[in-house]
Amino acid sequence: MLDTLMQVDYDTFIRWVSYWGLFSLASALGIHFAKQLPMSNRVENSMMRKLGSIDKRTGWIIMEIPILLVVGGFYWVGHQPINTSVVMVIAFMAHYFNRAIIFPHRIKVKGKTMPIASMLLSMLFYLINGYIIGYYFGHLQSYPIEWLYDPRFIIGLSLFITGFIINIQSDNILINLRKPGETGYKIPQGGCFRWVSCPNYMGECIEWIGFAIMSWSIPGLVYAAWVVLPLYAQAVGSHQWYRETFGDSYPAARKAIIPFIK
């Protein structure tokens, strides 16, 4: 199986990725109409918990680490010499190093669990997408050094860094929302929460849109779709929950994920 995956030609690979992209669209529509994601912190999904639960910090690490290993592994054993594509891979892995290694040790999840089924489904998602990114940039695509001066790369990288900063800043606000000993939900304030209910999602969407532009590739576009569409649906659901929970106390001008629009 591994030998087969390592010998896929460009046309076949792009066809596979295109099918995967269509599947992402169908999944996103399903999530939108279901009004929730399996990983929602505020929704108890009994079906997802039939296989049992796992400590949330441990589950998060187990869930996220595979994409680091798969992307790095497939890129490292690629047929091509190291070239400018390494910038795309470093940007990709920087995001997931934060999500898999740093973020789980910062969140306050003592006593909380996640469904094992959710963890396994997410791992499958990361394994497939990790192969796509690692194999494409390690085996099929190379960029000349001039690409670093191309407006598409500069704009895309700028968006990626901007989204990364917004994502981390928003996570910091959420992590520090409650003081020690406090319980219950509070309205996040500051940063990009001034404009949207889910700036952490907004930041991640900006990141992957930037990645798609800086790589100017079908795999980059498909990965952006896989991230942006579900997060948009989750943000709309979270925004509605905030309004229902806090009523008139919730800032009326705050949108779900796109400032001043939605």
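Remember, predicted model here, so these are calculated numbers, not experimental data.

A. Looking closely at the overall build of the protein chain. When you go through the protein chain residue by residue, the secondary structure sums to 8 helices and 2 strands. Scanning the protein chain from its N terminus toward the C terminus, one meets helices and strands in the order α-α-β-α-α-β-α-α-α-α. When burial is assessed residue by residue, the protein chain has 48% of its 262 residues classed as buried. Pairs at least 24 apart in sequence give 81% of the contacts found in the protein chain among residues at least 6 apart. On the protein chain, roughly 13500 Å² of surface is accessible, and the fraction owed to carbon and sulfur atoms is 67%.

B. Looking closely at the side chain of Ser 197. Note on placement: Ser 197 falls in the loop between α6 (151-175) and α7 (199-215). For Ser 197, a relative accessible area of 1% corresponds to the buried category. Among residues more than four places away in sequence, those in contact with Ser 197 are His 239, Tyr 242, Tyr 250, Arg 254, Lys 255 and Ala 256.

C. Representation of α7 in the model. Over its 17 residues, α7 extends 24 Å from the first C-alpha to the last, a length consistent with the 24 Å expected when each residue adds 1.5 Å. Burial analysis of α7 places 14 of its 17 residues in the buried class, which makes it a mostly covered element.

D. Region of interest: the nonpolar core. Counting 61 residues, the largest nonpolar core has Phe 13, Phe 92, Phe 137, Trp 208, Phe 211 and Tyr 223 as its most contacted members. At the level of elements, α2 (10-34), α3 (56-76), α4 (85-102), α5 (116-140), α6, α7 and α8 (218-246) are the ones that each hand at least two residues to this core. If sequence neighbours within four positions are ignored, Tyr 223 has contacts with Ile 67, Phe 92, Tyr 96, Phe 125, Tyr 126, Asn 129 and Trp 208.

E. Fine view of the packing of aromatic side chains. Applying the stated rule across the entire model yields 31 aromatic pairs. Where Trp 241 meets Tyr 242, the ring centres are 5.4 Å apart and the plane angle is 70°; that geometry is what we call edge-to-face. Using a relative accessible area of 8% as the deciding quantity, one classes Tyr 242 as buried. Positioned above the aromatic ring of Phe 103 is the side chain of Arg 99, whose terminal nitrogen or guanidinium carbon lies 4.2 Å from the ring centre. Between Arg 152 and the ring centre of Trp 216, over which it is positioned, the NZ or CZ distance is 5.1 Å.

F. Molecular detail of the confidence of the model for the protein chain. With 86% of its residues at a pLDDT of at least 70, the protein chain reaches an overall mean of 85. Here helix α1 (residues 2-5) is the element of the protein chain with the lowest mean pLDDT, 65, and α7 is the one with the highest, 96. Here residues 36-44 is a poorly scored stretch, pLDDT under 50, and it has 21 contacts once near neighbours within four places are set aside; other chains count.

Quick notes on the rules
- Residues numbered from 1 in each chain as written.
- Predicted model: local features only at pLDDT ≥ 70, side-chain atom pairs only at ≥ 80, totals over all residues.
- Heavy atoms only, no water.
- Helix = DSSP H or I, 4+ residues; strand = E, 2+ residues; numbered from the N terminus.
- Buried < 20%, exposed > 50% of the residue type's maximum accessible area, 1.4 Å probe, protein only.
- Contact = heavy atoms within 4.5 Å.
- Areas by Shrake-Rupley, 256 points an atom, 1.4 Å probe, with all protein chains shown as cover.
- Expected span 1.5 Å × (residues − 1).
- Core = buried A, V, L, I, M, F, W, Y, C linked by side-chain atoms within 4.5 Å.
- Phe/Tyr/Trp six-rings, centres within 6.5 Å; stacked < 30°, edge-to-face > 60°.
- Lys NZ or Arg CZ within 6 Å of the ring centre and 35° of its normal.
- pLDDT = per-residue confidence, 0-100.

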